[in-house]
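These are the residues of each chain, in order.
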Amino acid sequence: MGQFMIRRTLYAVVTLFILSLTIFTVVRLTGDPVTLMAEPGAQEADLARVRAEWGLDQPWPIQYAAFVANVVTGELGQSFNYEMPVSTLYFQRLPNSLELALTATLISFLIGIPAGILSAVRVNSVWDHVGKTIALLGLSIPGFWLGLVMILVFSVWLEWLPTSGQGDWRNLVMPAVALGWYFAASLLRLTRSSMLEVLNSEYIKLARLKGLPAFAVIAVHAFKNALIPVLTLAGINLVVMLNAAVIIEVIFAWPGIGRLLYEGIFQRDFPLVQGVVMEAGIMIVLINLIVDILYAYIDPRIRLTK
Amino acid sequence: MRRDNNATEPPVLRRIAVGRRHVLAGAAAGLARIASPTGAARAASIVPTGKLVLAWHTNIAARWLDPQQHDGTASPDNFLMALHDAMIKNFRDVRYDHPALAERYEFAEDAKSATFWLRPGTRFHDGTPVTPADVKWSYEHYRGAWGEILRDRTQGIELVDDKIVRIHFNEPFLDFPILLGTGNVCGAGWVVPAKYYEKTGQSGFLQKPIGAGPYKLVAQQPGVKLEFEAFADYYRPVHIKQLTMVSVPEAATRVAMLERGEADIVYFVPGELLERVKNNPKVRLAPVVSGNWWLEFPGFQNPANPFNDKRVRQAISLAIDREAINQAECGGLGVVDGNWINDDVEYGLDWPKWEHDLAKAKQLMAEAGHPNGFSVDWVTPVPNFYSRGERIVSQLQSIGIRSRLQVMERGVYLKKMQGGIREWPGVQIIFNAARIGGTWSNWYDTMFKCGGYQSKDFFCVKDLDDQFQKYLVSYNRTERKNLAEQIQRTILESYYFVPVFRHAFVNAIGPRVAARQWQDVFPTITSGYAYPWEDVQLV
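Residues numbered from 1 in each chain as written. Chains lettered and ligands numbered in written order. Predicted model: local features only at pLDDT ≥ 70, side-chain atom pairs only at ≥ 80, totals over all residues.

### As for the overall build of chain B
Point 1. Counting its regular elements, chain B contains 18 helices and 19 strands.
Point 2. By residue count, 54% of the 539 residues in chain B fall in the buried class.
Point 3. A sequence separation of at least 24 residues applies to 70% of the contacts in chain B between residues at least 6 apart. (Helix = DSSP H or I, 4+ residues; strand = E, 2+ residues; numbered from the N terminus. Buried ≥ 20, exposed ≤ 12 C-beta atoms within 10 Å, placed from the backbone. Contact = placed C-beta atoms within 7 Å.)

Following this line, the structure appears as structure tokens:
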């Protein structure tokens, strides 16, 4: 078990190293951030001064070493745009993103799981068709379109909800629905297929033959087992919603991490983009590492597989 | 509001000679009025009330709160005008020399020094007085746009007494007042509290900036929201107690905020949303005429390039339907003018509208040896105004010029512009645009001169660059004006650039803002923003 944990931890470190190298290179291929800091009228001397100020005149290996050092110390570098440590900015925005992501996750659960179960239990019925339609719409309607339509209907026409920004629970409704809608559809599809697979298994047939009530078969025996891949997906979805709800956060002027990433990309704020991507990467790698270790703990066949 | 303000503010300043110095008599007189017991009493008698929300159209960069880091663009002035104050500044219809923290100033006749008299009783938001030492520190430590030039040309700063500051130059520096006083060009004249800045450092200052402007910052969410409160000790009356600037990048959301009353002023309503705002009787559009748009032909000096022939460039000018572009792109709210340089800068030349005559354009094309037109590799508009480029592509077809639209992301575009002609091989048209403050020479220097920031080796017309050099070294105002006009005239008459139109930076105003006309809220001619903030009122 110890060897397995060390091996998986090393894999995680290598993954993060590759991620750091990739994001470092990719952001630099997008162009010179200084050209975006200054508009026509700025002098060449001003541009050179700004480059030197931010260390952009240094060779890439030196810039990369500084970036890695910043990641290791947890500061993640200094944002060009905000002139603050990226970690400070990230953790300032994290509670807002958590609020939005958790609400959206709740909405996706409330829509996706019951509809998925119903769809699987009543396969090829009207309920199944409704479920599949919801899944299709959820996956095909772009979030930005849904967001704008909701603003028009619920804010401008009906005047029920505020258009944007962060405030009380009413500010949260539209962005959470617009964000959770897509993930509800993916949860619905996975719940349905997972339930269908479980419902066709031998032990469920045995439970039915034993005369257990349908509700007990579905809720106690089938659902619990079907839930494992659903929860794994929900965990990854949560990380994505937390770090990359870019469009929804921009449309609803929600001060979260997705918008921070958007601002970073828009302004070629290298440390900010690198920092947000690394934080998201670290979260995903950590979650996967924990899940791997738990799987190995539960099932010894996994840790024995070389 | 404009009428109210005119009652207390000086008209456009007049220069008169007194001894060896040009004294801004109007400034002194006007400021005497403002600083008079009546003006002070008026400031004290107005109690700021209510709250105004501005929906800003991009994210809010932290550096915009620090005049020391002015990036030379037209964005910081929106924030500087609320939080900070300058010695002299652009203000309403005064382009650069409205006396602010300096109640008067003198610019020496030999242009080798400038003297500022600080307004008595002015304070920073932490209660400390604005002193000549703060002015000196702010100027000497300034590291933003044009900083190098100011440093190179400044011999020293003399603190004459506890209210007078004199800046000495190495040589005559005729553009100094324009540079110092144009809020969307340079921040060296904006005064920060020296001791506080030194204590907090640059990053600390950005977290809790302190200025001497009409509004003090009471809270901020970096990049998202700024909350200001009226500064009780400001020397002019401030009408609204709370001012909130919130970043809302999505245009449809900004318009919805205006319609719901969540925002009182929104910046930048794009073309597709104009009708919606126009049709809403509760709100009004504020189409501030802003940057100029023109066509340029990189590499036209090459004899093999079809644009080498003046007749071809002239044909393009005749083929462009400027009114149609203005109508389609800005709902007709822009201005079809003649020059590619804005008329709100020093020595910007007025030029008549260009004619639209397809028959004449075709004839010129035939005379130039292109009766069936020719192919252009790319037409590239400034990002993200791609539809404007499409209109040019379409209109040029009418004289047989076949071209394709090249769409570039903004960073890529700027990088290619800085790469010079090697980045633009073949036959190219760039649909360029700019709004540059201060003086016409900033436009020429950036956009046309050989080696300029955006012109690089695109044009390189030696005669004009020689004349420009003569302009730069001349200390004779009449000669400079003549040279400026002559250079602009040559560019236009030779069709080196083909001006298209001045677009409208369309903003919108909600029903809670007191305004008989939109100009009441956007009175400053050198800016697309709603300052002076202290003058904005609620109904």
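More follows now that the structure is in view.
### Looking at the overall build of chain A
Point 1. Looking only at helices and strands, one finds 14 helices and zero strands in chain A.
Point 2. On the principal axes, the C-alpha backbone points of chain A span a range of 85 × 60 × 30 Å.
Point 3. Looking at chain A as a whole, 40% of its 306 residues qualify as buried.
Point 4. Contacts in chain A between residues far apart in sequence, at least 24 positions, make up 71% of those at least 6 positions apart.

### With respect to the nonpolar core
Point 1. Counting 166 residues, the largest nonpolar core has B:Ala55, B:Met87 and B:Val266 as its most contacted members.
Point 2. Ranked by size, the runner-up nonpolar core spans 58 residues in total, among them B:Trp293, B:Ile392, B:Leu464 and B:Leu483. (Core = buried A, V, L, I, M, F, W, Y, C linked by C-beta atoms within 7 Å.)

### Let's talk about the pairing of strand 8 (residues 154-159) of chain B
The side chains of a regular strand alternate, first on one face of the sheet and then on the other.
All names here are of chain B.
Point 1. Alignment of strand 8 against strand 9 (residues 164-169), held across five bridges, turns out to be antiparallel. Opposite Gly156, over in strand 9, you have His168 as the bridge partner.
Point 2. Connecting strand 8 to the antiparallel partner strand 9 that follows it, the hairpin turn spans four residues. (Pairing = 2+ DSSP bridges.)

### Re helix 1 (residues 2-29) of chain A
Point 1. Look at helix 1 of chain A: 41 Å from first C-alpha to last across 28 residues, which is about the 40 Å you get at 1.5 Å a residue.
Point 2. Positive backbone phi, at 130°, marks A:Gly31, one or two positions downstream of helix 1 of chain A. (Expected span 1.5 Å × (residues − 1).)

### A short note on the interface of chain B and chain A
Point 1. Taken together, the 43 residues of chain B in the interface contact 37 residues of chain A.
Point 2. Counting residues per element, the ones that place at least two in the side of chain B that touches chain A are helix 8 (194-207), strand 12 (240-247), helix 9 (251-260), helix 15 (410-419) and helix 16 (440-447) of chain B.

### Structural notes on the confidence of the model for chain B
Point 1. Summing up the model confidence of chain B, the mean pLDDT is 89 and the portion of residues at 70 or higher is 92%.
Point 2. Two numbers describe this predicted complex: its pTM, 0.84, and its ipTM, 0.82. (pLDDT = per-residue confidence, 0-100.)

### Observations concerning the sheet that holds strand 14 (residues 284-296) of chain B
Point 1. Read across the open sheet, the nine strands follow the order 10-11-12-3-13-19-14-18-16 (chain B); overall the sheet is mixed. The strands lining the two open edges of the sheet, one partner per strand, are strand 10 (215-221) and strand 16 (378-381) of chain B.

### Here we look at the pairing of strand 5 (residues 94-99) of chain B
Residue and element names in this part refer to chain B.
Point 1. Burial analysis of strand 5 places six of its six residues in the buried class, the great majority of the element.
Point 2. Bridging between strand 4 (residues 88-91) and strand 5 involves three bridges; their strand directions are antiparallel. Looking at the pairing, Phe91 lines up with Val94 of strand 5.
Point 3. Between strand 4 and strand 5, which pair antiparallel one after the other, the connecting turn spans two residues, and Arg92 there sits at a positive phi close to 50°.

### Let's talk about the environment of A:Ala52
Residues and elements named next belong to chain A.
Point 1. Position of Ala52 relative to the elements: it lies in helix 3 (residues 44-53).
Point 2. A tally of 11 C-beta atoms within 10 Å means that Ala52 is categorised as exposed.
Point 3. Spatially, the C-alpha atom of Ala52 lies 31 Å from that of Ala244, the residues being 192 residues apart in sequence.

### Brief notes about the packing of helix 9 (residues 202-209) of chain A against helix 10 (residues 214-244) of chain A
Residue and element names in this part refer to chain A.
Point 1. Where helix 9 meets helix 10, the closest approach of the two axes is 11 Å, and the angle between their N-to-C directions is 150°. What the angle tells us is that helix 9 and helix 10 run roughly antiparallel. Judged by the twist between their axes, the crossing of helix 9 over helix 10 is right-handed. In this structure, helix 9 uses Ile204, Ala207 and Arg208 to contact helix 10, whose residues at the interface are Val217, His221 and Ala222.
Point 2. Its residues assigned to classes, the contact of helix 9 with helix 10 comprises four nonpolar, one polar and one charged. (Axes fitted to C-alpha atoms, helices over the stretch in contact; angles between N-to-C directions. Parallel < 35°, antiparallel > 145°, perpendicular 65-115°, else oblique. Left-handed = near helix turned anticlockwise from the far one by under 90°. Nonpolar A, V, L, I, M, F, W, Y, C, P; charged D, E, K, R; others polar.)

### Some details on the packing of helix 1 of chain A against helix 13 (residues 270-298) of chain A
Residues and elements named next belong to chain A.
Point 1. For the pair helix 1 and helix 13, interaxial distance at closest approach is 10 Å and the crossing angle is 160°. Considering their axes alone, helix 1 and helix 13 lie roughly antiparallel with respect to each other. When you trace helix 1 past helix 13, the crossing you get is right-handed. Side by side, helix 1 and helix 13 meet where Phe4, Met5, Arg8, Thr9, Ala12, Thr15, Leu16, Leu19, Ser20, Ile23, Phe24 and Val27 of the first sit next to Phe270, Val273, Gln274, Val277, Met278, Gly281, Ile282, Val285, Leu289, Asp292, Ile293 and Ala296 of the second.
Point 2. Each residue belonging to the contact of helix 1 with helix 13 can be placed in one class, and the counts come to 17 nonpolar, five polar and two charged.

### Some words on unusual backbone geometry
Across the chain, the bulk of peptide bonds are trans and the bulk of non-glycine residues have phi less than zero.
Point 1. Residues B:Pro383 and B:Asn384 are joined by a peptide bond in cis, for which omega reads 0°.
Point 2. Mapped onto the elements of the fold, B:Asn384 is located in the loop between strand 16 and helix 14 (386-396).
Point 3. For the bond running from B:Tyr531 to B:Pro532, omega is 10°, close enough to zero to count as cis.
Point 4. Within the element layout of this structure, B:Pro532 appears in the segment after strand 19 (497-509).
Point 5. Residues other than glycine seldom take positive phi values, yet A:Asn124 does so here, at roughly 65°.
Point 6. Summarising the element assignment, A:Asn124 is placed in the loop between helix 5 (86-121) and helix 6 (126-140).
Point 7. Despite not being glycine, A:Glu159 shows a phi value in the positive range, around 55°.
Point 8. Structurally, A:Glu159 is set in the loop between helix 7 (143-157) and helix 8 (169-199).

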